[in-house]
Amino acid sequence: MEIRIIVLDNNDNYPVFSRTLYKASVVENAPIGTLVVILNATDADEGTNSEIFYSISKGDQDKILEIFDLDATSGAITVKGSIDFEQNSAFEIHVEASDRGQPPMASQCKVLVEVIDVNDNAPEITVTTLLSTVSENAKSGTAIALVSVLDRDHGKNGLVHCSMSNKGPFKLESNYKNYYSLVVDGPLDRESIAQYNVTIMATDEGTPPLSSVSVITVYVSDVNDNAPHFPEPVINVYVKENSPVGGLLSTLSASDADINENSQITYSVLNNNNKFSLAAMVNINSITGDIHAVQSFNYEEIKTFQFNVLATDSGVPPLSSNATVNVFILDENDNSPSILPPYSEHGSVNTENIPYSAEAGYFVAKIRAVDADSGYNALLSYHISEPKGNNLFRIGTSSGEIRTKRRMSDNDLKTHPLIVSVSDIGEPSLSATVSIDVVVSENAGELKTQFRHVTVKEDSFSDVNLYLLIAVVSVSVIFLISLISLVAVKCHRTDSNFSGYGAPMITTHPDGSWSYSKSTQQYDVCFSSDTLKSDVVVFPAPFPAADAELISINGGDTFQRTQTLPNKEKVRTTAFKTHLSL
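Rules behind the numbers
- Residues numbered from 1 in each chain as written.
- Predicted model: local features only at pLDDT ≥ 70, side-chain atom pairs only at ≥ 80, totals over all residues.
- Heavy atoms only, no water.
- Helix = DSSP H or I, 4+ residues; strand = E, 2+ residues; numbered from the N terminus.
- Buried < 20%, exposed > 50% of the residue type's maximum accessible area, 1.4 Å probe, protein only.
- Contact = heavy atoms within 4.5 Å.
- Areas by Shrake-Rupley, 256 points an atom, 1.4 Å probe, with all protein chains shown as cover.
- Core = buried A, V, L, I, M, F, W, Y, C linked by side-chain atoms within 4.5 Å.
- Phe/Tyr/Trp six-rings, centres within 6.5 Å; stacked < 30°, edge-to-face > 60°.
- Salt bridge = Lys/Arg side-chain N within 4 Å of Asp/Glu carboxyl O.
- Pairing = 2+ DSSP bridges.
- Axes fitted to C-alpha atoms, helices over the stretch in contact; angles between N-to-C directions.
- pLDDT = per-residue confidence, 0-100.
- Patch = residues over 30% accessible without salt bridge, like charges linked within 9 Å, V, L, I, M, F, W, Y side chains within 5 Å.

Details of the overall build of the chain
A tally of helices and strands in the chain yields two helices and 40 strands. By residue count, 37% of the 582 residues in the chain fall in the buried class. Long-range pairs, those at least 24 residues apart, make up 63% of the contacts in the chain with a sequence separation of at least 6. Only carbon and sulfur atoms are counted for the fraction: they give 55% of the accessible area of the chain, which is about 33,900 Å².

Describing the nonpolar core
Core analysis: the biggest nonpolar cluster contains 28 residues, and L39, F68, I77, V95 and V111 have the highest contact counts within it. Mapped onto this core, the elements with two or more residues apiece are β2 (21-27), β3 (35-38), β5 (52-56), α1 (62-67), β6 (68-70), β7 (76-79), β8 (90-99) and β9 (106-116). Discounting chain neighbours no more than four positions away, the residues touching F68 are V36, I77, T78, V79, K80, I83, F91, I93 and V113.

So, the packing of aromatic side chains
Describing an aromatic ring pair means giving the distance of the ring centres and the angle of the ring planes. All told, the structure shown has seven aromatic pairs when counted by the stated rule. Ring centres 5.1 Å apart and planes at 80° place the aromatic pair F68 and F91 in the edge-to-face group. Residue F68 is located in strand β6, and its partner F91 is located in strand β8; the two are separated by 23 residues in the primary sequence. Pair check on accessibility: F68 and F91 agree, each one buried. Taking 5.5 Å as the distance between ring centres and 35° as the angle between the ring planes, the aromatic pair formed by F297 and F305 counts as tilted.

Some words on the pattern of salt bridges
In this structure the tally under the stated criterion is 10 salt bridges. For K171, the salt bridge goes to D185, with nearest N and O atoms at 4.0 Å. Pair noted here: K171 is in strand β14 (residues 170-176) and D185 is in the loop between β15 (179-184) and β16 (195-204), with a separation of 14 residues, a long-range link. Residue classification places D185 among the partly exposed residues on the basis of a relative accessible area of 40%. Across the salt bridge formed by R190 and D222, the nearest N and O atoms sit 3.0 Å from each other.

A look at the environment of T324
In this fold, T324 is placed in strand β24 (residues 320-330). The class for T324 is buried, based on a relative accessible area of 18%. Considering only alpha carbons, one finds T324 and E232, 92 residues apart in sequence, at a separation of 8.9 Å. Non-local contacts of T324, meaning those with residues more than four positions away in its chain, are made with P233, V234, I235, Q306, F307 and N308.

A few points about the pairing of strand β12 (residues 143-150)
As defined by bridge partners, strand β10 (residues 124-129) adjoins β12 across six bridges and the pair is classed as antiparallel. Along β12, the bridge assignment pairs T126 with S148. The pairing of β12 with β15 spans five bridges and is antiparallel. Opposite A143, over in β15, you have V183 as the bridge partner.

So, the sheet that holds strand β21 (residues 282-284)
Read across the sheet, three strands follow the order β19-β22-β21 without closing on themselves; strand pairing throughout is antiparallel. Two strands in the sheet have a free side with no partner beyond their single neighbour: β19 (248-251) and β21. Averaged over all adjacent pairs, the angle separating strand axes in this sheet is 20°, with direction ignored. The sheet contact formed by β21 and strand β22 (residues 290-293) spans three bridges and is antiparallel. Following the sheet pairing, V282 is matched in β22 by A293.

Thoughts on the sheet that holds β6
By way of backbone hydrogen bonds, the strands of a sheet pair with one another, either parallel or antiparallel. Read across the sheet, three strands follow the order β3-β7-β6 without closing on themselves; strand pairing throughout is antiparallel. Both outer strands of the open sheet, β3 and β6, are each paired with one neighbouring strand and no more. Averaged over all neighbouring strand pairs, the angle between strand axes comes to 20°, with direction disregarded. In the sheet, β3 pairs with β7 via three bridges, with the strands oriented antiparallel. Bridge pairing in β7 links L35 to T78.

Re unusual backbone geometry
Omega for the bond connecting Q102 with P103 falls within 30 degrees of zero, at -10°, which places this linkage in the cis form. With respect to the helices and strands, the residue P103 is situated in the loop between β8 and β9. Following E427, the chain continues into P428 via a peptide bond in cis, with omega recorded as -5°. Positive phi, normally seen in glycine, also occurs at N260, with a value near 55°. Residue position: N260 is located in the loop between β19 and β20 (265-270).

A closer look at the confidence of the model for the chain
Overall, the prediction assigns the chain a mean pLDDT of 79, with 79% of residues at 70 or greater. In this model, residues 448-460 is a region of pLDDT below 50 whose contacts with residues beyond four sequence positions or in other chains number four contacts. Counting contacts from residues 498-582, a segment whose pLDDT is below 50, to residues more than four positions away or on other chains yields 175 contacts.

Focus: a nonpolar patch on the surface
Residues M1, I3, I5 and V7 make up a contiguous nonpolar surface patch of roughly 610 Å² in combined accessible area. One can find I5 in the segment before β1 (16-17). Classification of I5 as exposed rests on a relative accessible area of 70%.

Spelled out as structure tokens, the structure:
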């Protein structure tokens, strides 16, 4: 008889893990469902006593339960949540394996999961500003800001290099590891660049490398290093004489490249002429630069004056510059012509005598006048008016010489009242007049002038008077002979001296032409039959139709003044020649 004894299993064995400590690794940021490790446990019992299920111990494992998932049947641990190396570089998971016996038996194991770092963090740049603005005269090495760089990655992924993409007058100085200073490294000029945007770039050594950029704005503060500047160093101002007091002469404007109070400009006048008080002539507005006349200017008293205008800014220390102002007074026609003696007495009537036999062109009188103005305002013209129907006299419009137009006739009056008007050509034209009565005498003995009227005292002609007359005549003859000899010798020497130089020569001729040669220059001197004894005249070319323009030459061989003679009465004198060296 065979007896079979069946031994019933009792749950007397604990599940046993293949290892008590499991080690695994996972890349940070691994996707959900990524397998980390598979646990394996066995149970020596049979049946339900050997069926094993896995679970994660709940004590202090809440964080792990959010990140990892454990399959209760297979023992596979997978990724459930976000893994960040910078938050947790490793995880320790406690796993329990239990059978289904009664009572259930369980055992535990430990799983260490290492997180592998990935270069997923760019460097972080932190800037601490030391100066809100930097002065444009700051020295090299002046610290502007502190820069620190941090990369939360690990290993090579956390190694950072810092640099500037646009240096300018600045540089980064390394203080300690990832700490830097932004300092001045060159001259600053606010007038050129008032603001700098300094770009700081930090790059790690990860694969691929990550970088970050920070822009530091540096404001340059102004220093009073620019003096005011005038557009022109010399300003010419033109003002009419007799302009009203307080009139605006000019406005000066200077610029300053600085800003704020460093560019606020005030104007003042500097007197560089001690001949007059500038304060009594002009005044300048210290703010606007407007220059006003303090007085009305008179061209005849002052034609020009000069002063300096000083422009000063409000900086510390103040800077200044100046400009020279030339004021030119423009002449206005405010002076009437003045008649010169002997016809200058106001309201008087002057008398001139001419013979009845006077030919056409006979010299009657010469009116001379001056005008205190200048330029066109001082150019004078002479005009004559006489009784209607006479038409006996004419006057040179530029010379003022009164001459007869024709011979006298029996129908002419014995006394001719003439009014001579002297006018300038200014705007408006001003004039002066003089009255002359021309008396026609039947014979030359009746002519009386202030130069020829001599009272003769009728005394008996004694012997003493005869001797005196002989002595005077003898002395006069000797003097005249000596004078002629001296002139002849002097002319001979002059011709000899000038002939050696071969200077150019221009010779005038009665027909108005000029001849040119490189020998000694000669001018043929001509005299009118009624020209005043004090005038020596030379004809230039061409002769005017009515009045010839004559150039008077004095003893110093220089041009003195312009006379006018009618060309009908020219008498060419060939015996007398004046040498004029050009």
